[in-house]
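Structural features, examined
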Amino acid sequence: MASSSILLSEEQFLCSICLDVFTEPVTTSCGHNFCIDCITKYWNSKDLCHCPLCKEKFSKRPKLRVNTMLREVVGNFKSLRDRDKDESPAKLGKVPCDVIEEKLKAVERQAEGIIEDLEQEITELKRRSTDLKQLSQTEDHLQLLQNFPSLVFTPPPTKNWSEISVHSDLCVGTVRRAVSQLEETLNKEMENLPDVKLKRIQQYAVDVTLDPDTAHPKLILSKDGKQVRCGDTEQNLPDIPKRFNHYLIVLGKDGFSSGRFYYEVTVKGKARWTLGLVRESTDRKGYVSPSPEYGVWTLVLTDGNQYTACSSPQVILFLRKKPQKVGVFVDYEEGLVSFYDVEARSHIYSFTGCTFKDKLFPFFVPCNNDDGKNSAPLIISPVNHTG
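Below is a summary of the structure that appears in this document. (Residues numbered from 1 in each chain as written. Predicted model: local features only at pLDDT ≥ 70, side-chain atom pairs only at ≥ 80, totals over all residues. Heavy atoms only, no water.)

Our next topic: helix α1 (residues 36–44). Every buried residue belonging to α1 is among Cys 38, Ile 39, Tyr 42 and Trp 43, and all of these are buried. Each buried residue of α1 lies within a common arc of 125° when the element is viewed along its axis, so the set occupies one face. Residues of α1 that are exposed and point over 90 degrees away from its buried face: Asp 37, Lys 41 and Asn 44. In this fold, the buried residues of α1 make contact with β1 (25–27) and β2 (33–35). (Buried < 20%, exposed > 50% of the residue type's maximum accessible area, 1.4 Å probe, protein only. Helix = DSSP H or I, 4+ residues; strand = E, 2+ residues; numbered from the N terminus. Arc of directions from axis to C-beta. Contact = heavy atoms within 4.5 Å.)

In structure tokens form, the structure reads like this:
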């Protein structure tokens, strides 16, 4: 039996294709939900028609119809999410859901009409009264909202017993309590949305290893290729075409030219660093401009606490906490590069609308040691999927 508050799954609100809150959700015959545009585009790009989650194949493309119940719940969720973030929790708790509030007003108006006009047999009233009491005691409040109108407002066969009246105040009060509990739960779910999205993104984790052939001669890599720090002197290394010789840069071994991928880097103890993505064709023998115009998408820490997204123009970021581990997510087809604070389970910044034309490689800059103040390494860390 569920607890007294509604246990809404975090997964309900996110489409597994776009990783965002549903827009016009549809449900496939295998029971999974997607945005109608997302699943349509997905099927248009495939030779076979199957579910992106469970891979169930369909002999022919299913006819898609919007799941109105899920759309209504998502609509309420979005309205709560879009509220002014500066409002206090107490104030939020007093404001009813916009869509559901209208339904409550309709219920009240309909109840008043029933009190005046309803005529039916006493036995029918008793049966309905009993059913209503059972429904008001249910802990599944979504079921209550679904079944309440059909139970109360479908007129039974009428007779002239005008002295009998039905008092709907208690019924409406039950609905209001259910809505209040629903709103409280949705508020909690809304607070957890960044955490939910990060969990979904972490499913695309890849194994990133540093490529020593790209490393600037002053950089020191661990034997397993998972750590990099800056040394005091340059090593005697061959100046091959792949190697960066001007900036303290090293790339991941493997590049990506399609799909989604994600990795995490521990930056604890560092005062300066740069992380992100770079396209394969970027010049490695001179000045590397940290800008998407030149095929570089990076997040930078300078002076211990100043974070900058190297867009065009650059964006200064104001973070509540100093990230100790940074997650990097890329959706090649969508042109998206996103950065996350892994421990805080929060979004830092996203480059959107990017145009990727060749392979992308993970990009690491540990920066100079600063007399030991920045000697900690950048560490490619295993992804903890349980969060």
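From this point, the discussion proceeds with the structure in view.
An order of β5-β14-β7-β8-β9-β10 is seen for the six strands of this open sheet, with the pairing classed as antiparallel. Looking along the sheet, the strands with just one partner apiece sit at the ends: β5 (250–251) and β10 (315–317). With six bridges joining them, strand β7 (residues 273–279) and strand β14 (residues 360–365) adopt antiparallel strand pairing. Counterpart to Leu 275 in the pairing with β14 is Phe 364. (Pairing = 2+ DSSP bridges.)

Moving on, we come to the pattern of salt bridges. Evaluation of the coordinates by the stated rule reveals six salt bridges. Between Arg 260 and Asp 331 there is a salt bridge; the shortest N-O distance is 2.8 Å. Of this pair, Arg 260 sits in strand β6 (residues 260–266) while Asp 331 sits in strand β11 (residues 325–331), and the two are 71 residues apart along the sequence. Judged by relative accessible area, which is 5%, Asp 331 ranks as buried. Among the ionic pairs, Asp 370 bridges to Arg 272, the shortest N-O distance being 3.2 Å. With Asp 370 in the loop between β14 and β15 (378–381) and Arg 272 in the loop between β6 and β7, the pair connects residues that are 98 residues apart, well separated along the chain. (Salt bridge = Lys/Arg side-chain N within 4 Å of Asp/Glu carboxyl O.)

Now for the pairing of strand β9 (residues 306–309). Where strand β8 (residues 296–302) meets β9, four bridges bridge the pair, whose relative direction is antiparallel. Looking across to β9, one finds that Thr 302 is bridged to Gln 306. Where β8 folds back on β9, the antiparallel hairpin that results is connected by three residues, among which Asp 303 adopts a positive phi of roughly 55°. Direction of pairing for β9 relative to β10: antiparallel, over a ladder of three bridges. In the strand pairing of β10, Tyr 307 is matched with Leu 317.

So, on to unusual backbone geometry. Going from Ser 312 to Pro 313, the amide bond is cis rather than trans, its omega being 5°. Here Pro 313 is to be found in the loop between β9 and β10. Of note in the backbone geometry, Lys 55 takes a positive phi value of approximately 65° without being a glycine. A positive phi angle, near 55°, is found at Arg 345, a position not held by glycine. Position of Arg 345 relative to the elements: it lies in the loop between β12 (336–341) and β13 (346–351).

Using the criterion set out here, one finds nine aromatic pairs in the structure. Joined through ring pairs, the aromatic side chains of Trp 297, Tyr 332 and Phe 356 make up one cluster. (Phe/Tyr/Trp six-rings, centres within 6.5 Å; stacked < 30°, edge-to-face > 60°.)

In spatial order, the strands read β3-β4-β15-β6-β11-β12-β13; together these seven strands make up an open sheet with antiparallel pairing. Across the chains shown, the open sheet's two edge strands, defined by having one partner strand only, are β3 (219–221) and β13. Across this sheet, the average inter-strand angle for adjacent strands is 25°, counted without regard to direction. Sheet analysis places β12 next to β13, joined by five bridges and oriented antiparallel. Bridge pairing in β13 links Asp 341 to Ser 346. (Axes fitted to C-alpha atoms, helices over the stretch in contact; angles between N-to-C directions.)

The next subject is the side chain of Arg 284. Within the fold, Arg 284 resides in the loop between β7 and β8. A distance of 3.0 Å separates the side chain of Arg 284 from the backbone oxygen of Lys 242, its partner in a polar contact. Looking at Arg 284, its side chain comes within polar contact range of the main-chain oxygen of Glu 280, at 3.3 Å. Discounting chain neighbours no more than four positions away, the residues touching Arg 284 are Thr 214, Pro 241, Lys 242, Arg 243, Phe 244, Asn 245 and Leu 251. (Polar contact = N/O pair within 3.5 Å; in protein donor to acceptor, adjacent residues only side chain to side chain.)

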